[in-house]
Amino acid sequence: MLLDAANRVVLCNARYRALLAPIADTLFPGARFADILRAGLARGMFPEARGREEAWLAENLAHPPPEGQAMEIALSDGRWLRILEQPTPDGGRVGLRIDITAQVASRRRAETAEAEARLARAQLLSAVEALPDGFILFDADDRLVLCNARQRALFPGMADAYVPGTSFAELLRHGLAVGQFRDTGPDPQAWLAARLAERALPATNRVQRMVGGQVLRVIDRAMPNGGRVGLRIDITELVEARRELADMIAGADAGTFRADLDTGALMVNARWAAMLGHDAATLGAMTLDRLRALTHPEDRARLDRSLLGRPRGHFRTHEAARGEAEADAADAATDATARTGARTGARTGASIGASIGPSPATDAPADAGLAIELRLRHRDGRDVWALMRARVTGRDARGRARTVSGLTLDITDRRRREGILQAVASAAERILGGGDWLAERATMLAEIGRAADVDRSYFFGLHPPVDPALPDMPWTIRQEVEWCRDGITPQMGNPEFDTLDMAGAGLTRMQAAFRTGQPFVLHGRADMTAAERAVLEPQGIEALSLHPVTVGHRIAGFLGFDLCRHDPAGWSADATDALAAAAHICSAALDTAAAHARLREARDRAEAASRSKSDFLATMSHEIRTPLNGVLGVAELLESAVTEPEHHRMLGIIRHSGQTLLTLLNDLLDMSRIEAGRLSLEHAPFIPAAVARRLRDIHGLAARDKGLAFELTLDAGCDTPRLGDAHRVQQILHNLLGNAVKFTAAGHVALALRAPRGGPLVMRVRDTGIGMSADQRARIFDSFTQADTSISRRYGGSGLGMSIVRRLVDLMGGSIRVDSTPGAGTTVTVSLPLPVQPGAAEGAAAQANAPAPRSLSGLRVLAADDNAANRFVLGRILGRLGIEAVIVPDGTAAVAAARDGGFDAILLDISMPGLDGPGALRAIRADQAGREGPPILAVTANAMADQVADYLCQGFAAHVAKPFGVADLRRALDAVLPGGP
């Protein structure tokens, strides 16, 4: 909309009326702007004015939007508008109203998605904090990313050093400095080197003794992204148990045994038998061979080496025992890796805990005997993890062992807990590494199911997720994924679980537990209600453990683990706690997946909004350039036809105003391209002195009109060609000189160029104008900003020029400096690292001797344009050049006229009704049937770089952007006609 100096409407376009449809009837020439605002207030268009209408009206009339600055305003129908206003030379204003509703909505969605992503990460970190063991994560540069509180508690002397970004080596050195480690040996630096060398291995699993007496199992594993993740498990109690074997026999619930190495007889107590589900009657006589038969096949080799392979002489001396114990430790680590890999589906090296195995015999002194962990077959067919400790209790006269005694502890719960946490840590590693939850959950359930020694593991989803605060929401569950042990009947595909109403099935105790975030555990059928038994017994479930999975504040489903064997052992607190950690990881994974999906959607919407903005700018460019071509073209033609000085002055005002509008349009397009990262620079030779002289001709005339002196200083190197984008260099100087002339009322404007060979091109613009304060200089490069609003009102301008200068200088790898003093003027220095063109001397001589533009008189040119004003301008400009012009109104007429031949060149508008410019080009070339035809030029208001490149690819010989003048058309024709440059 255009307002005059009295704030009355001069004109507004249809789009403006459409955007303000409720008050469109007030938008007529002569309408007062105040009346238009009052109409909007009366019709409730401006929510921010409600309750303070008169104050709001007074503010908007007294303080219009600052020149060149965008203001955003909400309308009552939910739309958002961006308001841009510029003063006109006659004291009025021109304003733009742009619908930015989609951009605002996209921005808000992106902010919401970002907040949700942060929340999901916080929940994932919370799950890591819930782990009972130390957890630590390093990036690909072996620098700390995060660790949990348990990690700091295990290493109290190093707690303050666990700062993100600290390297692993720095942490170890700090630990050595504070005396954190006990087993560094006589050479701490050698110990440090050994620990650093281990970082190159795919995985490490070792025991670390601490000064405070703690013993830790240290497990590290490389991640796919190059980082490393680790667990620090406190095994102090286990080691102490091995050292205090005698005391434990007296007071612990442990099985004891005594082996006769001569006869092979093995005597065990009732607790030993009970661990395997037997009593004295069912177990029968035991022998070492039967012990081997009860041992899991994967553990027999280690049993052979540790106990069965040590008859008599193998326990001869403490020294021999110590050496064999060290060999056993290496074998045990190897066996543990293989066994754990088999247990988790041959995933050797795939998870953080894959190499957690039995503690080696070297965990205890040689004279303390041996300790092994192995699996023994239970009476019901399952495996029981047992820790067997043994020592020589009888020797013969030659010192050879005759009897070995020891105890056996049931460590199934501990091993189950460790295995579950290994699987949970493995899943956490993959999720932290960017794994897909939907693809990973089946693997995770299988790993946890094997590690927990359950018969079935699964995930049920709630559809829809349930808000526990809403009592009336339906609890409809559906089984989504399942793992079963061999021999167990799967329940996936069971129609009963396609959609099961929990309340309707009587599973209300499960609902109550989930509402409070607690697991639901049944240790056996005796714990089941009748309703629960009706659902669970058909599946063969004897015991189960269910754990809710939440997303945000809603319950998304639950993880379940079933025991289907008769007389199950039930669930230990350690096992249920470890399974709860798995549910936390699932919750965090679902949160992360949902947040990532929302972020992708927000990104897609933002990209769509950016494309819409680019399309809008391209359309506006075309729609403004088309009538502007008529205005500037006719003004240029009239200038040579009128003789009255007053008429000349008025034509000059028209041309200056049109050029100002064109400059503003070009600045807006340049800024859009720069912000979108689509502004490309040319790399072609040009002569800096020639650029400076062209600008002197333009700005020197403007300076003289204001009574200013204009000085141009060029050193000798400025005539040497440089490689760069001459148009953008000229644009930088054009903006700087334009500002210098605009803001200088008296004195002079000076342009100086220095181009030392081997150095940068240095350009300095100096004026004696109004100058700037330090605060004003700090804002000079901001888009749509001038030093202050009074300058904007006094001198005009969009506030884009210096912002574009700064960004062009940055794109060229240069620098810019502004020195200014209020009232004393401003000096701007630009340095551009543009290289000298190879063979520069020859190039300079060739350009200096370039011939003057040739005459185009006598040529015959066909031109097509659907706009009558543009046809008029084309005809007159071609006539001014002495060219015989045939002007037609559309592409179809151009094709018909071209068939007659005899044209030296053809000018085609792009956007014409019916057959457009590209279509006419193809039709004309098809008619020529391979014959060489005249060059065809695109003459169009579509002037964006990607559009120009597209037209040249389609076969146009050149592009002439509207608005154009006599010189522009002359240069374009001279370039494409035979014999041209």
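Residues numbered from 1 in each chain as written. Predicted model: local features only at pLDDT ≥ 70, side-chain atom pairs only at ≥ 80, totals over all residues. Heavy atoms only, no water.

So, on to the overall build of the protein chain. Across its full length, the protein chain holds 31 helices and 34 strands. Excluding contacts between residues fewer than 6 apart, the proportion of contacts in the protein chain whose partners are at least 24 apart in sequence is 59%. Here the protein chain has roughly 43800 Å² of accessible surface; of this, 54% comes from carbon and sulfur atoms. (Helix = DSSP H or I, 4+ residues; strand = E, 2+ residues; numbered from the N terminus. Contact = heavy atoms within 4.5 Å. Areas by Shrake-Rupley, 256 points an atom, 1.4 Å probe, with all protein chains shown as cover.)

Let us now look at unusual backbone geometry. The omega angle of the peptide bond from His463 to Pro464 is 0 degrees, so this bond is cis rather than trans. In this model, Asn7 sits at a positive phi of 65 degrees, which is unusual for a non-glycine residue. Its identity as a non-glycine residue notwithstanding, Asp142 has a phi of 60 degrees, on the positive side. Within the secondary structure, Asp142 sits in the loop between β6 (134–138) and β7 (144–147).

Following the sequence through the fold, Met275 ends up in helix α10 (residues 270–275). For Met275, a relative accessible area of 5% translates into the label buried. Considering only alpha carbons, one finds Met275 and His378, 103 residues apart in sequence, at a separation of 7.6 Å. Met275 has contacts with Gly255, His378, Val384, Thr408, Leu409 and Asp410, leaving out every residue within four places of it along the chain. (Buried < 20%, exposed > 50% of the residue type's maximum accessible area, 1.4 Å probe, protein only.)

Summing up the model confidence of the protein chain, the mean pLDDT is 81 and the portion of residues at 70 or higher is 82%. For the protein chain, helix α14 (residues 318–343) is the element with the lowest average pLDDT, namely 41, and strand β27 (residues 761–767) is the one with the highest, namely 95. (pLDDT = per-residue confidence, 0-100.)

Next up on the list: the nonpolar core. Side chains of a nonpolar character, in soluble globular proteins, are inclined to be buried together. By size, the foremost hydrophobic cluster in this structure holds 55 residues, and its most contacted members are Phe135, Val424, Ile448 and Leu559. With nine residues, the single largest contributor to this core is helix α19 (residues 573–639). Residues in contact with Ile448, not counting those within four places in the same chain, are Ile420, Ala423, Val424, Phe561, Leu579 and Ala582. In terms of nonpolar packing, the next biggest core, distinct from the first, is built from 39 residues, Val729, Leu737, Val741 and Ile780 among them. (Core = buried A, V, L, I, M, F, W, Y, C linked by side-chain atoms within 4.5 Å.)

For strand β21 (residues 543–551), the buried fraction is high: seven of the nine residues fall into the buried class. Across three bridges, strand β20 (residues 520–522) lies against β21 in antiparallel orientation. Looking at the pairing, Leu522 lines up with Leu544 of β21. Where β21 and strand β22 (residues 554–563) come together, nine bridges link them in antiparallel fashion. (Pairing = 2+ DSSP bridges.)

For Phe257, the location among the structural elements is in strand β11 (residues 255–260). Put simply, Phe257 and Leu407 are 150 residues apart on the chain and 5.9 Å apart in space, counted from C-alpha to C-alpha. The residues touching Phe257, leaving out its near neighbours within four places in the chain, are Leu266, Met267, Val268, Trp272, Met388, Arg389, Ala390, Val404, Ser405, Gly406, Leu407 and Thr408.

Counted by the stated rule, this structure contains nine aromatic pairs. Plain terms: the ring middles of Phe155 and Phe181 are 6.4 Å apart, the flat faces sit at 65 degrees to each other, and that makes the pair edge-to-face. Of the two residues, Phe155 sits in the loop between α5 (149–154) and α6 (168–177) while Phe181 sits in the loop between α6 and α7 (188–197), which places them 26 residues apart along the sequence. The exposure classification of Phe155 matches that of Phe181, with both residues buried. Ring geometry for Phe460 and Phe558: centres 5.3 Å apart, planes at 10 degrees, overall stacked. Here the residue Phe460 occupies a position in strand β17 (residues 456–466), and Phe558 occupies one in strand β22, the gap between them amounting to 98 residues. For Phe558, a relative accessible area of 4% gives the class buried. (Phe/Tyr/Trp six-rings, centres within 6.5 Å; stacked < 30°, edge-to-face > 60°.)

Turning our attention to the side chain of Ser457. If you trace the backbone, Ser457 turns up in strand β17. The class of Ser457 is buried, set by a relative accessible area of 0%. A distance of 2.9 Å separates the side chain of Ser457 from the backbone oxygen of Leu445, its partner in a polar contact. Excluding residues within four positions of it along the chain, Ser457 makes contact with Leu445, Ala446, Gly449, Val481, Glu482, Trp483, Gly560 and Phe561. (Polar contact = N/O pair within 3.5 Å; in protein donor to acceptor, adjacent residues only side chain to side chain.)

A separate point is helix α21 (residues 688–705). Residues that lie three or four places apart on an α-helix share one face, since the helix turns once every 3.6 residues. End to end, α21 covers 26 Å across 18 residues, agreeing with the expected 26 Å (1.5 Å per residue, within 8%). At Asp697, α21 shows its largest kink, close to 30 degrees. Among the residues making up α21, those that are buried are Pro688, Ala689, Val691, Ala692, Leu695, His699, Gly700 and Ala703. For α21, the secondary structure elements touched by its buried residues are β23 (684–686), β24 (709–714), β25 (722–724), α22 (726–742), β26 (748–754) and β27. Where α21 terminates, the next one or two residues include Gly707, which has phi positive at roughly 80 degrees. (Expected span 1.5 Å × (residues − 1). Bend = angle between axes of the 7 residues up to and from the residue.)

It is worth spelling out the sheet that holds strand β9 (residues 215–222) at this point. Spatial ordering of the open sheet is given by β7-β6-β10-β9-β8, a layout of five strands whose pairing is antiparallel. Of all the strands in the sheet, just β7 and β8 (203–209) have a single pairing partner and so form its edges. For this sheet, the mean inter-axis angle between neighbouring strands, taken without regard to orientation, is 15 degrees. Where β8 meets β9, seven bridges bridge the pair, whose relative direction is antiparallel. (Axes fitted to C-alpha atoms, helices over the stretch in contact; angles between N-to-C directions.)

Backbone-to-backbone hydrogen bonds join strands into a sheet, with any given pair of strands oriented parallel or antiparallel. Across the sheet, five strands lie side by side as β31-β30-β32-β33-β34; this open sheet has parallel pairing. Here the strands that pair on one side only, and so sit at the sheet edges, are β31 (884–888) and β34 (958–961). Averaged over all neighbouring strand pairs, the angle between strand axes comes to 20 degrees, with direction disregarded. Where strand β30 (residues 860–864) and β31 come together, five bridges link them in parallel fashion. For Val861, the partnering residue across the bridge sits in β31 and is Ala885.

Here we come to the pattern of salt bridges. A pair can form between side chains of opposite charge whenever their charged atoms are brought close. The final tally for this structure, using the stated rule, is 51 salt bridges. Linking Asp604 and Arg603 is a salt bridge whose minimum nitrogen-to-oxygen distance equals 3.3 Å. Since its relative accessible area comes to 39%, Asp604 is described here as partly exposed. Look at Arg603 and you get partly exposed, because its relative accessible area is 45%. As a salt-bridge pair, Asp927 and Arg899 come within 2.9 Å of each other at their nearest N and O atoms. You can see Asp927 sitting in helix α29 (residues 917–928) and its partner Arg899 sitting in helix α28 (residues 891–899), a full 28 residues away along the chain. Take Arg899: its relative accessible area is 55%, and that puts it in the exposed class. Each of Asp142, Arg199, Asp220 and Arg232 takes part in a single network of salt bridges with overlapping partners. (Salt bridge = Lys/Arg side-chain N within 4 Å of Asp/Glu carboxyl O.)

What follows deals with the pairing of strand β18 (residues 476–484). The pairing of β17 with β18 spans seven bridges and is antiparallel. Bridge pairing in β18 places Leu462 opposite Ile477. Where β18 lies against strand β19 (residues 500–501), two bridges are found, and the strand directions are antiparallel. What sits directly across from Thr476, in β19, is Asp501.

Time to look at the packing of α6 against α7. The interhelical angle for the contact between α6 and α7, taken along N-to-C directions, is 150 degrees, at an axis separation of 11 Å. Compared by their axis directions, α6 and α7 come out roughly antiparallel. For the pair α6 and α7, the sense of crossing is right-handed. Mapping the contact onto sequence places Phe168, Ala169, Leu172, Arg173 and Leu176 in α6 and Pro188, Trp191, Leu192, Arg195 and Leu196 in α7. Taken together, the residues of the contact of α6 with α7 sort by class into eight nonpolar, no polar and two charged. (Parallel < 35°, antiparallel > 145°, perpendicular 65-115°, else oblique. Left-handed = near helix turned anticlockwise from the far one by under 90°. Nonpolar A, V, L, I, M, F, W, Y, C, P; charged D, E, K, R; others polar.)

In contact at an axis separation of 10 Å, helix α27 (residues 868–880) and helix α31 (residues 966–976) are set at 70 degrees when each is read in the N-to-C sense. If you check the angle between α27 and α31, you find them roughly perpendicular. Of the two elements, α27 crosses α31, and the hand of that crossing is right-handed. Note on element contacts: α31 touches α27 through Val966, Leu969 and Leu973, opposite Leu874, Ile877, Leu878 and Arg880.

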